[in-house]
Amino acid sequence: MTKRMIVAALALAGIFISLYLTLYKLGIIGELSCSIGSCETVNTSKWSRFLGLPVAAWGLLFYLDVFAIALIGTLPRFEDERVLSIVLVAESAVGVLFSAWLTYLELAVIHAICIWCVTSAVIVTLILVVSVVDLRDFRIGESELRT
Amino acid sequence: MSPTNEPPRRGSSAPTPPPPARKTTVRNSRSSNRPKAFFWLLGLIALIGVAALGYVATKPKSSSVQSAETADTTNAGPSQGYLIGKVDAPVKIVEFADFECPSCGGWATVTEPDVRTRIINAGLANLTFYDFPLTQHRNTVAASNAAACADEQQKFWPMHDRLFQAQDEWNGEATDAPKAFFKRYASEAGLDVAKWESCFDARKYQKRISANLGEGLRRGVNSTPTFIIGNKLYPGMRSYDELKGIVDSLTKAGGSAAASSTPRAAPR
């Protein structure tokens, strides 16, 4: 199992979580519930939208993109493409920063924790860590080549 | 054994390892083909994801509650909320809440005092409370009954406040027998306890409670607390500032004639 495969698997899990949150936000799924500590308070707060789209939908687009790049990166043709690893690191770094901002809002402003949002933040952090290790493999490989 | 590992045709007989291909030198941690395990893992994640989403999506939004509690809404008579504030206040706030729901409790104890003093008592708006008992809360229907029986003696709001303040001691996680607590609150609120108890035991207002739930479902409520102000549904806990903003904007717009509720005209 290569690093990019791990990234793809994590992104796929992220796709389902953000899809759930998006459908919830759009009112397509969801149950009668009492909203403390749950995603409802967070997902109905005014910070649940960003540039006109639900934050969860941004997450969905993000994970779809990362999944696609990581999956392409596992193809024998592309697995030595260093640029894909750079893109994965860059994107997941943005994802981690955005998640950190959202988690800060949950803790400090909304005062409610959405377990699925936290799970997503953990997943994106793992994606970043694995992507960085993946990129470092290239560096190591290259330095070995030079010597 | 790959063909490259065959002994060289000439030279030393010692099987020297083949020089690594350039590819593997660049990516020393990669295998060039995708193992089956990868696709199994993706398949497993997809399966779990689809199954979980399918389960959530097909789970009936409200029918479980409806069948459990509002099966008799047809002969339940009209829904009837509990009004606080001036009957003819310019803006009408409708609240659907569950006595056992922690966020309703949080709202009632933290935010509502401000809303009462600065919005309702100031005459800017009135508020009508409707029961919206959720099935996952074991004692909430009993609490709605306790409050309805207090209403019979014009003490709905003291009972409402007491129930929410003391949620932790009578909720479904704390006890199987909430009645003892409700009875104590009834006595503390200065109710005729005997009268309250016979009302409570008879579940005299069960149909009204079911009708209130049915009213909420009809209006599209699916979580508690949910507020309806003007024509709009505001699910979730709303801060004082948020409510004040909504009330002010409606007042400017000329009141909320659309917020048609059927509250009983009994302030406080």
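This text follows the structure it describes.
In this report, the structure presented in the accompanying data block is examined.

1. Points about the pairing of strand β3 (residues 125-131) of chain B
For a regular strand, side chains alternate in direction, first toward one face of the sheet and then toward the other. Residue and element names in this part refer to chain B. Within β3, seven of the seven residues are buried, leaving the element largely enclosed by the surrounding structure. Of the two faces of β3, the one holding Ala125, Leu127, Phe129 and Asp131 and the one holding Asn126, Thr128 and Tyr130 are both buried throughout. For strand β2 (residues 91-97) and β3, the ladder comprises seven bridges, and the chain directions are parallel. Looking at β3, one finds that Lys92 is bridged to Asn126. Following the backbone out of β2, through helix α4 (residues 102-120) and into the adjacent parallel β3, one traces a crossover that is right-handed.

2. Focus on the packing of helix α1 (residues 3-26) of chain A against helix α2 (residues 36-58) of chain B
Closest axis-to-axis distance for the α1 of chain A/α2 of chain B pair is 10 Å, and the angle between their directions is 5 degrees. Accordingly, the angle class assigned to the pair α1 of chain A and α2 of chain B is roughly parallel. Residues Met5, Ala8, Ala9, Leu12, Ala13, Phe16, Leu19 and Tyr20 of chain A of α1 of chain A lie in contact with α2 of chain B, whose contacting residues are Phe38, Leu41, Leu42, Ile45, Ala46, Gly49, Val50, Leu53 and Val56 of chain B. Looking at the contact of α1 of chain A with α2 of chain B, its residues break down into 16 nonpolar, one polar and no charged.

3. Description of the pattern of salt bridges
All names here are of chain B. With the rule as written, the count across this model stands at 17 salt bridges over all chains. The closest approach of N and O atoms between Asp161 and Arg116, which form a salt bridge, is 2.9 Å. Taken together, the residues Asp161 in helix α6 (residues 156-165) and Arg116 in helix α4 connect sequence positions 45 residues apart. Taking relative accessible area as the criterion, Arg116 reaches 11% and is therefore assigned buried. Of the charged contacts, one joins Glu215 and Arg218 as a salt bridge, the two residues approaching to 3.0 Å between their closest N and O atoms. On the criterion of helical spacing, the pair formed by Glu215 and Arg218 is a turn pair, its members being three residues apart in helix α10 (residues 206-218). The class of Arg218 is exposed, set by a relative accessible area of 62%.

4. Some words on the packing of aromatic side chains
For the structure on display, the rule yields 21 aromatic pairs over all chains. Here the aromatic rings of Trp101 of chain A and Tyr104 of chain A are separated by 5.7 Å at their centres, their planes lie at 25 degrees, and the arrangement is stacked. One end of the pair, Trp101 of chain A, and the other, Tyr104 of chain A, are both in helix α4 (residues 82-110), three residues apart, so they sit about a helical turn from each other. Put simply, the rings of Tyr82, Phe99, Phe129, Phe156, Trp157 and Phe164 of chain B touch in pairs and so form one group of aromatic residues.

5. Structural notes on the packing of α4 of chain B against α6 of chain B
All names here are of chain B. Running from amino to carboxyl end, α4 crosses α6 at an angle of 135 degrees, the nearest separation of the two axes being 8 Å. Relative to α6, α4 is oriented oblique. Crossing angle aside, the handedness with which α4 passes α6 is left-handed. Residue-level inspection shows Cys104, Gly105, Ala108, Thr109, Glu112 and Arg116 of α4 in contact with α6, the latter providing Trp157, His160, Asp161, Phe164 and Gln165. Of the residues belonging to the contact of α4 with α6, the class tally is four nonpolar, four polar and three charged.

6. Quick look at the sheet that holds β2 of chain B
Residues and elements named next belong to chain B. Within the open sheet, the five strands sit side by side as β1-β3-β2-β5-β6. Their pairing is mixed. Both outer strands of the open sheet, β1 (82-84) and β6 (232-235), are each paired with one neighbouring strand and no more. Across the sheet, the mean angle separating the axes of adjacent strands is 20 degrees when strand polarity is ignored. Two strands pair when backbone bridges link them, and β1 and β3 are joined in this way by three bridges, in the antiparallel orientation. Looking at β3, one finds that Ile84 is bridged to Leu127.

7. Notes on the nonpolar core
Residues Phe99, Phe129, Met159, Leu163, Phe182, Trp196 and Ile229 of chain B are the most contacted members of the largest nonpolar core, which totals 47 residues. Top element by residues in this core is helix α5 (residues 140-151) of chain B. It accounts for seven residues. The contact partners of Ile229 of chain B, leaving out residues within four places of it in the chain, are Val91, Lys92, Ile93, Tyr234, Leu243, Ile246 and Leu250 of chain B. Counting residues in hydrophobic clusters, the runner-up holds 40 residues, among them Ala11, Leu12, Ala56 and Val96 of chain A.

8. Notes on the state of the cysteines
Residues and elements named next belong to chain B. In the structure shown here, the tally under the stated rule is one disulfide over all chains. In this model Cys149 forms its disulfide with Cys199; the gap between the sulfur atoms is 1.9 Å. Taking the sign of the torsion about the S-S bond as the criterion, the disulfide between Cys149 and Cys199, at about -80 degrees, is left-handed. Here Cys149, found in helix α5, pairs with Cys199, found in helix α9 (residues 193-201); they are 50 residues apart in sequence, far enough to count as distant.

Definitions and cut-offs
Residues numbered from 1 in each chain as written. Chains lettered and ligands numbered in written order. Predicted model: local features only at pLDDT ≥ 70, side-chain atom pairs only at ≥ 80, totals over all residues. Heavy atoms only, no water. Buried < 20%, exposed > 50% of the residue type's maximum accessible area, 1.4 Å probe, protein only. Helix = DSSP H or I, 4+ residues; strand = E, 2+ residues; numbered from the N terminus. Pairing = 2+ DSSP bridges. Right-handed = clockwise from strand over helix to strand, strands pointing away. Axes fitted to C-alpha atoms, helices over the stretch in contact; angles between N-to-C directions. Parallel < 35°, antiparallel > 145°, perpendicular 65-115°, else oblique. Contact = heavy atoms within 4.5 Å. Nonpolar A, V, L, I, M, F, W, Y, C, P; charged D, E, K, R; others polar. Salt bridge = Lys/Arg side-chain N within 4 Å of Asp/Glu carboxyl O. Phe/Tyr/Trp six-rings, centres within 6.5 Å; stacked < 30°, edge-to-face > 60°. Left-handed = near helix turned anticlockwise from the far one by under 90°. Core = buried A, V, L, I, M, F, W, Y, C linked by side-chain atoms within 4.5 Å. Disulfide = S-S within 2.5 Å.

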